[in-house]
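Residues per chain, in single letters:
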Amino acid sequence: MSDTRLSIGDTAPDFTATTDQGTFTLSEQRGKHVILYFYPAAMTPGCTTEACDFRDSLDALQAKGYEVVGISKDTPEKLAQFREAEGLTFTLVSDPETSIQETYGAWGEKMNYGKTIVGSIRSTIVVDPEGTVELALYNVKATGHVARVRRELGVDA
């Protein structure tokens, strides 16, 4: 478990991971803005709300040059079910060993129903076309988060 948190201006750690449709490598996205959002579990209420908000904002984000990538410890099979059930059209990355989440500071202790547990910390890291952190948001709420990301990035609602 890592206490690492990324900050604006940090180099975004590169990674290659399995998705529900193949593989994803962050460094292959150079030249694009990439929104990496980390969430606890597919097909749970909060994570579904957040994923659907990103889905519904995808056209506006892509029009401004942003790609969206969701990352969780779910298996590729569960991610495929999530994609199908919710009509998701962006990349879903499987991180079952939580190595990407740990590297990005999105795995660690958090409060859940009044108890301290270790798990995915709902977070969003935006990487600029050169591979540098453009925005880093940790411990965000599922509801209203995508609207906040859009405001911070200057993408009209």
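Now for a description of the structure that goes with this document. (Residues numbered from 1 in each chain as written. Predicted model: local features only at pLDDT ≥ 70, side-chain atom pairs only at ≥ 80, totals over all residues. Heavy atoms only, no water.)

Considerations on the packing of helix 1 (residues 45-63) against helix 4 (residues 145-153)
Here is step 1: Two elements in contact, helix 1 and helix 4, have axes separated by 9 Å at closest approach and are oriented at 30°. It follows from the interaxial angle that helix 1 and helix 4 lie roughly parallel. Judged by residue contacts, Glu50, Asp53, Phe54, Ser57, Ala60 and Leu61 of helix 1 engage His145, Val146 and Arg150 from helix 4.
Here is step 2: Within the contact of helix 1 with helix 4, the residues separate by chemical class into 4 nonpolar, 2 polar and 3 charged. (Axes fitted to C-alpha atoms, helices over the stretch in contact; angles between N-to-C directions. Helix = DSSP H or I, 4+ residues; strand = E, 2+ residues; numbered from the N terminus. Parallel < 35°, antiparallel > 145°, perpendicular 65-115°, else oblique. Contact = heavy atoms within 4.5 Å. Nonpolar A, V, L, I, M, F, W, Y, C, P; charged D, E, K, R; others polar.)

Side note on the sheet that holds strand 5 (residues 91-94)
Here is step 1: With respect to topology, 5 strands assemble into an open sheet ordered 5-4-3-8-9, the strand pairing being mixed. In this open sheet, the two strands that pair with only one neighbour each are strand 5 and strand 9 (133-137). Strand-to-strand twist of the sheet, defined as the mean angle between neighbouring strand axes without regard to direction, takes the value 20°.
Here is step 2: Pairing geometry for strand 3 (residues 33-38) and strand 4 (residues 66-72), over 6 bridges, is parallel. Along strand 4, the bridge assignment pairs Ile35 with Val68. (Pairing = 2+ DSSP bridges.)

As for the pattern of salt bridges
Here is step 1: Applying the stated criterion across every chain yields a total of 5 salt bridges.
Here is step 2: Where Arg55 meets Asp56, a salt bridge forms, and the shortest distance between an N and an O atom there is 2.8 Å.
Here is step 3: A salt bridge links Arg148 to Glu152; the shortest N-O distance between them is 3.6 Å. You can see Arg148 and its partner Glu152 sitting in helix 4, 4 residues apart, about one turn around the helix. (Salt bridge = Lys/Arg side-chain N within 4 Å of Asp/Glu carboxyl O.)

Some remarks on the nonpolar core
Here is step 1: Among the nonpolar cores identified, the biggest contains 24 residues, and Ile35, Tyr39, Phe54, Val68, Phe90 and Leu153 are the most heavily contacted of them.
Here is step 2: When contributions to this core are tallied by element, the ones reaching two or more residues are strand 3, helix 1, strand 4, helix 2 (76-86), strand 9 and helix 4.
Here is step 3: In terms of residue count, helix 1 provides more of this core than any other element does, 5 residues in total.
Here is step 4: With sequence-adjacent residues up to four places away left out, Phe54 is seen in contact with Ile35, Tyr37, Leu61, Val68, Phe90, His145 and Val146.
Here is step 5: If you look at the next biggest cluster of nonpolar residues, it comprises 19 residues, including Leu6, Phe15, Ala17 and Tyr104. (Core = buried A, V, L, I, M, F, W, Y, C linked by side-chain atoms within 4.5 Å. Buried < 20%, exposed > 50% of the residue type's maximum accessible area, 1.4 Å probe, protein only.)

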